[in-house]
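# Observations on the three-dimensional arrangement
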Amino acid sequence: MTMFTYDGLPGRVVFGAGVARERLLGEVDLLGARRVLVIAGDTESEIATRLCAPFADRVAATFTQVRPHVPVEVAELARKASSEADADLVLSVGGGSTTGTAKAVALTTGLPVLAVPTTYAGSEVTPVWGMTDRGRKTTGTDRRVLPKTVVYDAELTVTLPVDLSVASGLNAVAHCVEAFWAPRRSPVASAMAEDGIRHLVAGLTTVTGDPTGPVGRGELLLGAYLAGSAFAVAGSGLHHKICHVLGGAFDLPHAQTHAIVLPHVLAYNAPHATEACARIARALGRTDIVTALRELGAGLGVPPDLRALGLNESDIDTVLAEIVAIAPPDNPTPVTEEGLRTILHAAWAGTDPMGPTP
Ligand code: NAD
């Protein structure tokens, strides 16, 4: 008998090509905003200016000093801009770093956020905030930071370079795969995750060949929304714990680490996650799902193993205990140091997790 607790998240979503251009003013009106603080990073501010032109008289201030991973100093400056402008709405136009800056303002002011994402990060549908203080990242969950409205417009993402598109798209695939066994998994999260994988894979393979085509961009953005939504309600599982520890300890590139590790965690969990595997297979249109994920990464230019990212073999043993300590206790296959060593060693060497043990 299935058992779960599903804590649904509120939020209005407007999705479609051109909707930011056509409907943003209406969405600002719906939130009753008269004094808007616009947050957009350097490369995103041109898009923001264009989108805000129909209600320029209501833009009380524009904050462009966005930095990756929201340094606390930047959060303070954005909050100051909000209070000086006497803002009643925070409008973020940009990627995860920009959405994160808007969330930092909402966290202390309680102001509503209207998010217009321009990447595939997915932060706009989660109640998770993150900030860094002297290089150390702190995260938390607070419903005040969850955007009230999200306007998804694939037209805004056509300028996102292919490598950044692949990076955030693969990250979103990992959110979907983990949603099947993450601590707060539910049939709702699984439904979003399965469909998310389908759209993301279609989008990733299309966008690399046709970066400015609307079809691939639309698929990726829809997949990103579903992946973010699945992650928001299901939480993160073993795969994310591994990548978080590896990334923090050895400064490995985020998206590539995810893409390399994911097939190995999937192979580890597969014997005890048959329903998840069946759904992933349905989404990928293939039964050899571990191989399919490896081929997806390789086709998108992901290096074959963690060794290629600069990880030393001797580094593996130094992080085992830390990962085991934070691994979800209900991971489909119980997480032991030995099991983890096998995963990490295979990911480091690029061994086929479905092949014979070397
Ligand atoms: P990002 O926001 O840092 O953007 C990457 C780069 O792309 C930036 O230089 C940006 O200016 C540029 N860019 C954005 N949109 C563009 C466009 N349409 N055209 C051209 N350039 C564009 O990166 P990201 O991957 O979107 O977000 C990563 C951040 O989001 C990380 O800090 C991550 O931790 C966070 N995140 C948070 C959550 C959450 O739930 N809180 C979820 C996912 C990611």
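Quantities reported herein were computed from a predicted structural model and do not represent experimental measurements.

What follows is about the site of the ligand. The environment of the ligand is made up of 18 residues, and the closest members are Thr43, Ser97, Thr118, Thr119 and Thr126. Glycine 96 places a main-chain nitrogen or oxygen 2.7 Å from an oxygen atom of the ligand. One of the backbone N or O atoms of leucine 156 is found 2.9 Å from a nitrogen atom in the ligand. Contact with the protein chains covers 74% of the free accessible surface of the ligand, which is 870 Å². For the shell around the ligand, the residue count by class is five nonpolar, ten polar and three charged.

Here we come to the domain arrangement of the protein chain. Partitioning the protein chain into domains gives domain 1 (12-157) and domain 2 (162-349). Summarising the inter-unit geometry, the C-alpha centres of domain 1 and domain 2 are found 27 Å apart. Facing the 13 residues of domain 1 at the interface are 15 residues of domain 2. Summed over both partners, the interface of domain 1 with domain 2 comes to about 1,200 Å²; 76% of that surface belongs to carbon and sulfur atoms. By the criterion of area lost to domain 2, the three top residues of domain 1 are Phe15, Tyr120 and Val125, representing 50% of everything that side buries. Where domain 1 touches domain 2, the interface holds zero salt bridges.

Reading guide: rules and limits
Residues numbered from 1 in each chain as written. Predicted model: local features only at pLDDT ≥ 70, side-chain atom pairs only at ≥ 80, totals over all residues. Heavy atoms only, no water. Near = heavy atom within 4 Å. Polar contact = N/O pair within 3.5 Å; in protein donor to acceptor, adjacent residues only side chain to side chain. Areas by Shrake-Rupley, 256 points an atom, 1.4 Å probe, with all protein chains shown as cover. Nonpolar A, V, L, I, M, F, W, Y, C, P; charged D, E, K, R; others polar. Domains from an automatic or database assignment. Contact = heavy atoms within 4.5 Å. Buried area = accessible area lost by both parts, 1.4 Å probe. Salt bridge = Lys/Arg side-chain N within 4 Å of Asp/Glu carboxyl O.

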